[in-house]
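Topology and contacts: notes
Listed below, chain by chain, are the residues.
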Amino acid sequence: MAVLSALAGHAQQRQEINLGDGWQFSKDKQTWQQVSVPHDWAISGPFDKKWDLQRVAIEQNGETEATEKSGRSGALPWIGEGHYKRKLTIPSGFKGHAELLFDGAMSEPTVYVNGQRAGYWAYGYNSFRLDITPFVHEGENDLSVDLQNVEESSRWYPGAGIYRPVTLILTPSKTYIEDWSIFVRPTDDKKVKEGERVVMKVNFNIVNPSERISYEVKVTDADGKQLLPESKNALEFANGKIGFWFPVKNARLWSPESPTLYNMVISLYDGQQKIDEKTQRFGIRTVKVSKEGGFQLNGVTRKIKGVCLHHDLGPLGAAVNKAALIRQIKTMKAMGCDAIRTAHNMPSQMQMDVCDSLGMMVMAESFDMWVYPKCKNGYARFFRTWADRDIENLVRAHRNHPSIVMWSIGNEIPEQGMEGGRQMAQHLQDLCHQLDPTRPVTQGCDRPDNAMATGFLPAMDVPGLNYRLHRYQDTYDHLWHGFLLGSETCSTVSSRGVYKFPVEVTDNSQYSSWSKNYDPQAIKKADGQCSGYDVEYCSWSNLPDDDWRWQDDKPWVIGEFVWTGYDYLGEPTPFDEYWPARSSYFGICDLAGLPKDRYYLYRSHWNKQQHTIHLLPHWTWPGREGEVTPVYCYTDYAEAELFLNGKSQGRIRKSSPNGGSGEGARLDRYRLRWNDVRYEPGELRVVVYDENGQPAGEQTLRTAGKPARLKLDVWTQNSDSGSASLRADGQDLAFVTVSLTDKKGTLIPAAADQLRFDVSGAGSFRAACNGDATSLEPFTEPQMSLFAGQLVVVVQAAKVPGNLTLTVTDPERRLTQRVVIPVRGLF
């Protein structure tokens, strides 16, 4: 409220105020608590199988019989009503336009201003704007938001609450720039080249225009240099629809390798008085997909190296946070990933801003279902009434993000094989084209034969297949496009730091009661973990190696989006019928954001800028002396030699594209494997060789000794510059990886000690996570057990500068370690 009252002195300027603090939250409108937005009311738990306990058959997994799914939507208490309220102060003499922008509220938000219903939006994943001018008055106003989440409305953890930012927008005049009307793009994609002159066009709308109104457009480059001469422009049309062309000399194009951004400022004048001003970031780049060139960014053909991301941020839940998003995207980029798919929902503005600035391409997805429901109370309830409005908001709100290279209108939509499905797909695709003719449209189909027979798949700009590698060739042969996208691939499952013997390639169907391979004893003996050897997948999916053969050998396969970049809450396949599994195993990184071994497999194949050498498993196996313990090396080098305590275990090469047979043909093209190594404690060392047969690098693993110390590694937004510090904004986060090691620094891989956390100074404890999909420990309590020797503590900066001190204690071993993180003022 104090922030808003300061507006009185700035009544002649547009104000965009983040409504982060000052909220109260209640489940019953009786007991209220102070919260900040973004907020997820369910993430503190407790975990319990009773929350959204479902007895269903998951058709997407090929199930035909209903079984109990206790952790399908995360086993957190997200179901029910939630209520938020706060005060708004409107400055004295205000005669302009007032608007609320919600970037997302879960779900079905109804908004009231001074007790009057100001608006409603059905879809919890979408941005929406409300004109509240008729409802506000000078001085103090009441804002309240009612939400409701119903059971069986999601196939994963959706979160609960106002989980994305809310912004109050005030303009001093009722004549103003309509925000989402701004659209910047090149006039001719064929003439867009690095370092040359590019002609751009911006369209925008002026609400309530008049003859007195004029406008000015200023553009600056990444260095702050002005690109246009100052001049005011009269309105050409009385309807206020503006089209403005401008040149950019020596254009610097946006790409993942060089994410250059420009800044546009549009000013509105009534006579000589400035009455509105709006800033818009944009990038210059082109996207094309064709038979001749495949997927092209800025005219250059490239294979998409993408991952799918759910919207939750692990122990933070659905509450969006910029630092957490930056950590995700930087980690994926370091792996060599260049694209994400926002599966299966509309993204936040914050996430797209991060992708713009860091250089990450995006497939922006919209829906997981249309009319035919995948779960009883899902979006199918709203599709016929709301789908067009949701697509319009998605595209208009996000079309200036250069990171977005294609729109997705659906994921594994059942209508792909139904009468009328093609017409629905065509309608949504046409709507995207009307709002944004610069990007292609796709969706992920999992029933290619049906989708081809109905014309559903051929109707798309970019035909996308989810899995179904065995149908790639035939589908391609019958498509007119000349290319195919792996819109969702792999679904390999693993647990960080867990290895199972003997090492066997398996689809895990023994855990599913609907499968012909079901083994009741297997589920009884299960520990809820998957092997880190990266040889386990699902009955409907495959291994990374399988996808790469198609990506590398078929030029018409234009790329892939791996399921998934990170583990997420809910969908604990293959342990859908096992409690207490409550989060996924698909991630390349675990729920805490720690890389699994699979991260380095993808890095070895995708990252062409840095070499990768990664050995697995760990080499601390008391009780396995003399037993066969296979060793894998993930590396971009083709040849390596393994040594155990100085004795060679063999010098081997990856197989050629057509080499090997059986399991070897499947795995040895992209991995180096020593399958007959017998464990003995000591030192495991691999030496890799370049194409000339010369040693090029090595890695060593050692058997751990006794636990001796806690090791703390700090990640902040600026830690890669060598200075780990936080911003004193009340939102910035540090992620501290805690490892239990021996005195020489070797990880204790089986450690499960419970640790305690204390935060003092300029910040607070936010959450902790160990990446264990079966852990029922709450994220928001300052204690947690190690999993595979590690966990992550999340701490949050205060709003005042100073030092934040995190103290981690292991009471069992009487170990303590501290780290001090500077919290710096805002500049």
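Residues numbered from 1 in each chain as written. Predicted model: local features only at pLDDT ≥ 70, side-chain atom pairs only at ≥ 80, totals over all residues. Heavy atoms only, no water.

**Observations regarding the overall build of the protein chain**
We count it as follows: Numbering of helices and strands runs from the N terminus, with a helix taken as a DSSP run of H or I at least four residues long and a strand as a DSSP run of E at least two residues long. Using C-alpha atoms as the atom set, the radius of gyration is obtained and then compared with a globule rule of 2.2 Å times the number of residues to the power 0.38. Categorising residues by exposure relies on relative accessible area from a 1.4 Å probe, with only protein chains included: less than 20% of the type maximum marks a residue as buried, more than 50% marks it as exposed, and the intermediate range marks it as partly exposed. Throughout, the Shrake-Rupley method with a 1.4 Å probe supplies accessible areas, and for residues the shown protein chains are the sole cover considered. Lys and Arg are tallied as positive, Asp and Glu as negative. Neither His nor the chain termini are counted. Taken as the charge location is NZ of Lys, CZ of Arg, CG of Asp or CD of Glu.
A tally of regular secondary structure across the protein chain gives eleven helices and 47 strands. At 27 Å, the protein chain has a C-alpha radius of gyration in line with the 28 Å of a compact globule built from 827 residues. Oriented by its inertia axes, the alpha-carbon framework of the protein chain measures out at about 90 × 60 × 55 Å. Counting every position in the protein chain, which comprises 827 residues, the buried fraction comes to 61%. Just so you have it, the protein chain exposes about 31,500 Å², and 46% of that area is on carbon and sulfur atoms. A distance of 3 Å separates the average location of the 93 positive side-chain charges in the protein chain from that of its 101 negative side-chain charges.

**Concerning the environment of Asp 552**
Rules: Note on definitions: a residue-residue contact is assigned when non-hydrogen atoms from the two residues lie within 4.5 Å.
Here Asp 552 shows up in helix H9 (residues 544-553). We classify Asp 552 as partly exposed; its relative accessible area is 41%. Between the C-alpha atom of Asp 552 and that of Lys 303, which follows or precedes it by 249 residues, the distance is 9.2 Å. Not counting residues up to four positions away in its chain, the partners in contact with Asp 552 are His 605, Arg 669 and Tyr 670.

**Details of the packing of helix H4 (residues 383-398) against helix H5 (residues 421-435)**
Selection criterion: Axis lines are fitted through C-alpha atoms, for helices just across the contact stretch, and the angle between N-to-C directions can take any value from 0 to 180 degrees. By the definition adopted for this analysis, an angle is roughly parallel if under 35 degrees, roughly antiparallel if over 145, roughly perpendicular if from 65 to 115, and oblique otherwise. Crossing handedness follows the turn of the near helix against the far one: under a right angle anticlockwise gives a left-handed crossing, and clockwise gives a right-handed one. Here the nonpolar group is Ala, Val, Leu, Ile, Met, Phe, Trp, Tyr, Cys and Pro; Asp, Glu, Lys and Arg are the charged ones; every other residue, Gly included, is treated as polar.
Packing of H4 against H5 brings their axes to within 9 Å, and their N-to-C directions diverge by 30°. Relative to H5, the element H4 lies roughly parallel. Considering only the axes of H4 and H5, their crossing is right-handed. Across the interface between the two elements, Phe 383, Asp 388, Ile 391, Glu 392, Val 395 and Arg 396 of H4 pack against Met 424, His 427, Leu 428, Leu 431, Cys 432 and Leu 435 of H5. Across the contact of H4 with H5, the residue classes tally to eight nonpolar, one polar and three charged.

**Considerations on the sheet that holds strand E21 (residues 287-290)**
Under the convention used in this document: Here a strand pair is declared whenever DSSP counts at least two bridges between the two strands.
Strand order in the open sheet made by the three strands is E21-E22-E23, with antiparallel pairing throughout. A strand with exactly one partner marks an edge of an open sheet, and here the two such strands are E21 and strand E23 (300-301). Relative to E23, strand E22 (residues 294-297) runs antiparallel, the two sharing two bridges. Along E23, the bridge assignment pairs Gln 296 with Thr 301.

**A look at the pairing of strand E2 (residues 23-26)**
Bridge count between E2 and strand E3 (residues 33-35): three bridges; the pairing is antiparallel. The residue of E3 that forms the bridge with Gln 24 is Gln 34. From the end of E2 to the start of E3, which pair antiparallel, there are six residues, and Lys 29 there has a positive phi angle of about 65°. Sheet analysis places E2 next to strand E6 (residues 80-90), joined by three bridges and oriented antiparallel. Paired with Ser 26 across the bridge in E6 is His 83.

**Brief notes about the pattern of salt bridges**
For clarity, the cut-off: Each salt bridge in this description consists of a side-chain nitrogen of Lys or Arg and a carboxyl oxygen of Asp or Glu lying within 4 Å of one another.
On inspection of all chains with the given rule, the structure shows 44 salt bridges. A salt bridge links Lys 87 to Asp 142, with the shortest nitrogen-to-oxygen separation between them at 2.4 Å. Of the two residues, Lys 87 sits in strand E6 while Asp 142 sits in strand E11 (residues 139-149), which places them 55 residues apart along the sequence. Residue Lys 87 is classed as partly exposed on the basis of its relative accessible area of 34%. Residue Asp 179 pairs with Lys 278 through a salt bridge whose shortest N-O separation is 3.7 Å. Placement of the pair is Asp 179 in the loop between strand E13 (176-177) and strand E14 (183-186) and Lys 278 in strand E20 (residues 273-282), with a sequence separation of 99 residues. Of the two residues, Asp 179 and Lys 278, both sit in the buried class.

**Points about the side chain of Thr 489**
Within the element layout of this structure, Thr 489 appears in strand E30 (residues 484-490). If we skip the residues at most four places from it in the chain, Thr 489 touches Tyr 467, Tyr 472, Asp 547, Glu 560, Phe 561, Val 562 and Trp 563.

**Side note on the confidence of the model for the protein chain**
Rules: The predictor attaches a confidence to each residue, and that confidence, scored 0 to 100, is pLDDT.
In the predicted model, the protein chain carries a mean pLDDT of 95, and the fraction of residues at 70 or more is 98%. The low-confidence segment residues 1-11, where pLDDT is below 50, has 20 contacts with residues more than four positions distant or belonging to other chains.

**Overview of the sheet that holds E3**
Adjacent strands of a sheet pair through backbone hydrogen bonds, lying either parallel or antiparallel. Spatially, six strands are ordered E3-E2-E6-E11-E8-E9 in an open sheet, and the strand pairing comes out antiparallel. Of all strands in the sheet, those bounded by a partner on one side alone are E3 and strand E9 (116-120). The average undirected angle you get between the axes of adjacent strands in this sheet is 25°.

**Some points on the packing of aromatic side chains**
The line we're drawing: Stacked, tilted and edge-to-face are the three classes applied to pairs of Phe, Tyr and Trp rings, where Trp contributes its six-membered ring and a pair requires centres within 6.5 Å; stacked means planes under 30 degrees apart, edge-to-face means over 60, and tilted covers the rest.
Tallied over the full model, the rule gives 44 aromatic pairs. Consider the rings of Trp 370 and Phe 383, whose centres lie 5.8 Å apart with planes at 20°: the pair is stacked. With Trp 370 in the loop between strand E26 (361-365) and H4 and Phe 383 in helix H4, the pair connects residues that are 13 residues apart, well separated along the chain. Here Trp 370 matches Phe 383 in class, with each residue buried. On the numbers, 6.0 Å between centres and 15° between planes, the contact of Phe 757 with Phe 765 is stacked. Residue Phe 757 is classed as buried on the basis of its relative accessible area of 7%.

**Some words on the environment of Arg 341**
Our working definition: In the analysis that follows, any N or O atom pair within 3.5 Å is treated as a polar contact, provided that within protein one partner can donate a hydrogen and the other can accept it, and provided that, for residues neighboring in sequence, both atoms belong to side chains.
As for its position among the elements, Arg 341 is in strand E25 (residues 339-342). On the accessibility criterion, Arg 341 (0% relative accessible area) is buried. Considering only alpha carbons, one finds Arg 341 and Met 406, 65 residues apart in sequence, at a separation of 9.6 Å. Here the side chain of Arg 341 touches Asn 411 through a polar contact of 2.8 Å, side chain to side chain.

**Some points on the environment of Ala 768**
Relative to the assigned elements, Ala 768 resides in strand E43 (residues 763-769). Ala 768 sits 421 residues away from Pro 347 along the chain, and the two C-alpha atoms are 25 Å apart. The contact partners of Ala 768, leaving out residues within four places of it in the chain, are Pro 315, Phe 757, Phe 779, Met 784, Val 792 and Val 793.

**Details of H9**
Pro 544, Asp 545, Asp 546, Asp 547, Trp 548 and Gln 551 are the residues of H9 that are buried. Looking at the buried side of H9, the elements it contacts are E30, strand E31 (557-563), helix H10 (597-606) and helix H11 (662-667).

**A word on the nonpolar core**
Operational definition: Each nonpolar core is a collection of buried residues, namely Ala, Val, Leu, Ile, Met, Phe, Trp, Tyr and Cys, held together in the definition by side-chain atoms within 4.5 Å.
If you look at the biggest cluster of nonpolar residues, it comprises 216 residues, and the most contacted ones within it are Trp 23, Ile 132, Phe 295, Val 307 and Phe 367. The contacts of Trp 23, once residues within four sequence positions are left out, are Gln 33, Gln 34, Val 35, Val 37, Tyr 84, Lys 85, Arg 86, Leu 143, Val 145, Ile 162 and Val 166. In terms of nonpolar packing, the next biggest core, distinct from the first, is built from 27 residues, Val 184, Ile 206, Tyr 215 and Ile 266 among them.

**Side note on the pairing of E22**
In this structure, E21 lies alongside E22, joined through four bridges in antiparallel fashion. Note that in E22 the partner of Ser 290 across the bridge is Gly 294. Between E22 and E23, which pair antiparallel and follow one another directly, the connecting turn spans two residues, one of which, Asn 298, has a positive phi of 55°.

**Examining the state of the cysteines**
Disulfides are covalent bonds that connect the sulfur atoms of two cysteines. Heads up, the condition is: When two cysteine sulfur atoms are found within 2.5 Å, that pair is recorded as a disulfide.
Considering all chains together, one arrives at zero disulfides under this definition. Just so you know, Cys 355 is unpaired, no disulfide at all, and the nearest cysteine sulfur is the one on Cys 337, 9.3 Å from it. On the basis of relative accessibility, which here comes to 0%, the residue Cys 355 falls in the buried class. Free cysteine Cys 530: the closest other cysteine sulfur is in Cys 538, separated by 7.9 Å.

**Some details on unusual backbone geometry**
Cis geometry is adopted by the peptide bond preceding Ser 107, which originates at Met 106 and carries an omega value of -10°. When you line up the elements, Ser 107 lands in the loop between strand E7 (97-102) and strand E8 (110-113). Residue Glu 152 is not a glycine yet carries a positive backbone phi of 50°. By the element assignment, Glu 152 lies in the loop between E11 and strand E12 (166-171). Residue Glu 152 is classed as buried on the basis of its relative accessible area of 16%. If you check the backbone angles, Asn 508 has positive phi at about 60° while not being a glycine. By the element assignment, Asn 508 lies in the loop between E30 and helix H8 (520-525).

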